[in-house]
Amino acid sequence: MHRTTLALLMIAVCTSTAGAQGIRYLRWQKMQPVVAALAAAGEKLPEFSKPADWDSWIYGRDLQIRSRADRGIEDFVSALILFGNSFTVLPKLANAQSAVDAGGGLTPAALARVDAFIQALDERDDERFRAILEFLRRRRVTTEELRAFLIGIVRSLALDSALEERRHESTTSALLLVNYAFEDTLRTLQGKGQAPAHVRRIALIGAGLDFAGTADHYDFYPPQTVAPFAVLESALRLKLAQPGEIHLVVFDLSSFALTYLRSATAKARSGGRYTLQLPRRTSEGWNSAAIAYWNHFGEIIGMPAPPLPVPSELRDVQTRAVTVKPQFGARISAEELNVVTQTAEAGAGLGFDLVVALHSPADYDRIEQTCALASVAQMLNAGGIFLADAGVAPVLPPELESLGQQHVAFRDDGEGHDIAIYRRR
């Protein structure tokens, strides 16, 4: 295999993490009332008789969540193997389940695509395959182990259809709908006088890396991250922020996503053409408001660009493209953080005015969602707003108050996103 030029971000699990944002693990002193409230709500937690007990638990949970993140990358790679059309002319499979036979082994068609993928790893030199090679090196998968490793992760995806459904949440079209819901919610808060009067610093939890292409697994456009630019643009469109003052920090725990994002923003900053491809399926039935958001996306942060050609099989796909303006690439940075176990510490008034979380509630259980809320509360300035997809009812830390939820429909039948809204007291 050829060498990749992507840098490996090493993750160290320790009592504190150095970084521009003062990232550290959640401390027992701050978490005591939250843990007590969780216990009172019936959640089963270990007994923490001293701070060291809490430290042991939080470090262990941190490792568990990071392991789950690696499995998510494996799912992206598996979907690319089964359905990608950029590296092979072999027909893609009908669905993930068809990759296994009655005995649970991979079918000949699936094995043929695994072998074609291995050949592509040796021969191709593009963004997507360089990132995969870096992930394999980080996982210490040797050349001799590669085929067995890939067969194993493809089999895991095929045997768990829920994983395949979850992957769809990371496509560009799905992420645009989530960001449309966030913008609509911010507009409502602004109308009620509940939005921050002046947004200078925004945190985005999750890079929103679209790695494997459309929900139909067509990888005709390269990996990309649309969410940071979408959140930045929403704050500017609503005039909550000024272009010369705003800064957005992306927090993610995946070195895979962070390495890509840092490369993308550096490219945009330096005047290189960082172009976002914006496909959407007309058969998904978006309503007029969602379509208008798609049509106008990029008017502030970018310039229209020629989109990549759509494969002829995708007859109902419309697409457009936007090249990011260099000055907005300069407004985005990225830091490694696990929002369930760590927080970004800042002095008074130096926190965030707005925090937006891309993670699906299904990513975390109630205990983890509560810890994430406690983490975000410590990041926010007074009066700051936190928006997230609504999930199971977490226990609120004392610093946060709930402003309820807003349902934002993106289809005429009412399907949409329920956005939970919190404010720092």
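Everything numeric here is computed off the predicted structure, so don't read it as measured data.

Moving on, we come to the pairing of strand β12 (residues 380–389). It is a general feature of regular strands that their side chains alternate between the two faces of the sheet. With respect to burial, β12 is a largely interior element, eight of its 10 residues being buried. Note on the crossover from strand β11 (residues 352–357) through helix α12 (residues 366–379) to β12: the handedness is right-handed. In this structure, β12 lies alongside strand β14 (residues 416–424), joined through five bridges in antiparallel fashion. Residue I385 lies in a different strand from β14, and its bridge partner there is R423.

This part takes up helix α10 (residues 288–296). Looking at α10, one finds that the buried residues are A290, Y293 and W294. Looking straight down α10, one finds its buried side chains confined to an arc of 100 degrees; they lie on one side. Looking at the buried side of α10, the elements it contacts are α7 (172–191), α8 (227–237), β6 (275–281) and β8 (317–324). With its phi angle positive at about 95 degrees, G298 sits one or two positions after the end of α10.

Next up on the list: the environment of V154. Among the secondary structure elements, V154 is positioned in helix α5 (residues 143–159). Counting along the chain gives 58 residues from V154 to A96, while the straight-line C-alpha distance between them is 8.4 Å. Residues contacting V154, with those up to four places away along its chain left out, are S78, I81, L82, A99, L106 and V114.

Now for the pattern of salt bridges. One pass over the structure, following the stated rule, counts 23 salt bridges. One salt bridge connects R66 with D62, and the closest N-O pair in it is separated by 2.7 Å. A residue pair is termed a helical-turn pair when its members lie 3 or 4 positions apart in one helix, as R66 and D62 do in helix α2 (residues 51–83) at four residues. The class for R66 is buried, based on a relative accessible area of 8%. A salt bridge links E74 to R139; the nearest nitrogen and oxygen atoms lie 2.5 Å apart. In this pair, E74 is assigned in helix α2 and R139 in the loop between α4 (127–138) and α5, connecting sequence segments 65 residues apart. Salt bridges linked by common partners bring E183, D184, R187, E233 and R237 together as one network.

On to the sheet that holds strand β9 (residues 332–336), then. As summarised here, the arrangement of the seven strands in space is β9-β5-β2-β11-β12-β14-β13, forming an open sheet in which the pairing is mixed. Edge positions in the open sheet fall to β9 and β13 (400–409), since each of these has one partner strand only. Adjacent strand axes in the sheet meet at a mean angle of 20 degrees when their direction is disregarded. Relative to β12, β11 is paired through five bridges, and the arrangement is parallel.

Another point: unusual backbone geometry. Phi is positive for R140, which is not a glycine, with a value near 60 degrees. The topology assignment puts R140 in the loop between α4 and α5. Although it is not a glycine, K239 adopts a positive phi angle of roughly 60 degrees. With respect to the helices and strands, K239 occurs in the loop between α8 and β5 (247–252). A residue is classified by how much of its surface remains accessible, and K239, at 67% relative accessible area, is exposed.

Turning our eyes to something else, we now look at helix α3 (residues 108–123). Here α3 is 16 residues long and its end C-alpha atoms lie 23 Å apart, about the 22 Å a rise of 1.5 Å per residue gives. For α3, the complete set of buried residues consists of A110, R113, V114, A116, F117, I118, A120 and L121. At its buried positions, α3 is contacted by α2, α4 and α5.

The geometry of an aromatic ring pair is captured by two quantities: the separation of the ring centres and the angle between the planes. Within this structure, the stated rule accounts for 18 aromatic pairs. When the ring of F76 is compared with that of F211, the centres are 6.4 Å apart and the planes differ by 45 degrees; the resulting orientation is tilted. Taken together, the positions of F76 in helix α2 and F211 in the loop between β3 (209–210) and β4 (224–225) put the pair 135 residues apart, joining distant regions of the chain. Exposure class is identical for F76 and F211. Each is buried. Measuring from ring centre to ring centre gives 5.8 Å for F229 and Y274, while their planes differ by 35 degrees; the resulting arrangement is tilted. Taken together, the residues span a long stretch of sequence, with F229 in helix α8 and Y274 in the loop between α9 (255–269) and β6 at a distance of 45 residues. Y274 carries the same exposure label as F229, and that label is buried. Taken together, the ring pairs in this structure connect W28, F48, W54 and W57 into an aromatic cluster. Here the guanidinium or amino end of R201 rests over the ring plane of F352, the centre of that ring lying 4.4 Å away. Positioned above the aromatic ring of W286 is the side chain of R280, whose terminal nitrogen or guanidinium carbon lies 5.5 Å from the ring centre.

The N-to-C vectors of α7 and α10 enclose an angle of 105 degrees; their axes lie 10 Å apart at closest approach. The angle between α7 and α10 places the two elements in the roughly perpendicular class. Residues L176, L177, N179, Y180 and E183 of α7 form the contact with α10, whose participating residues are A289, A290, Y293 and W294. Split into classes, the residues belonging to the contact of α7 with α10 amount to seven nonpolar, one polar and one charged.

Right, let's get into the sheet that holds β8. Pairing in this open sheet of three strands is antiparallel, and the strands run β6-β8-β7 from one edge to the other. On the outer flanks of this sheet lie β6 and β7 (302–305), each paired with one strand and no other. Strand-to-strand twist across the sheet, computed as the mean angle between neighbouring axes with direction ignored, equals 30 degrees. With four bridges joining them, β7 and β8 adopt antiparallel strand pairing. Bridge pairing in β8 links P304 to V322.

Rules used throughout
- Residues numbered from 1 in each chain as written.
- Predicted model: local features only at pLDDT ≥ 70, side-chain atom pairs only at ≥ 80, totals over all residues.
- Heavy atoms only, no water.
- Buried < 20%, exposed > 50% of the residue type's maximum accessible area, 1.4 Å probe, protein only.
- Helix = DSSP H or I, 4+ residues; strand = E, 2+ residues; numbered from the N terminus.
- Right-handed = clockwise from strand over helix to strand, strands pointing away.
- Pairing = 2+ DSSP bridges.
- Arc of directions from axis to C-beta.
- Contact = heavy atoms within 4.5 Å.
- Salt bridge = Lys/Arg side-chain N within 4 Å of Asp/Glu carboxyl O.
- Axes fitted to C-alpha atoms, helices over the stretch in contact; angles between N-to-C directions.
- Expected span 1.5 Å × (residues − 1).
- Phe/Tyr/Trp six-rings, centres within 6.5 Å; stacked < 30°, edge-to-face > 60°.
- Lys NZ or Arg CZ within 6 Å of the ring centre and 35° of its normal.
- Parallel < 35°, antiparallel > 145°, perpendicular 65-115°, else oblique.
- Nonpolar A, V, L, I, M, F, W, Y, C, P; charged D, E, K, R; others polar.

Read these as spatial facts, not as claims about activity.
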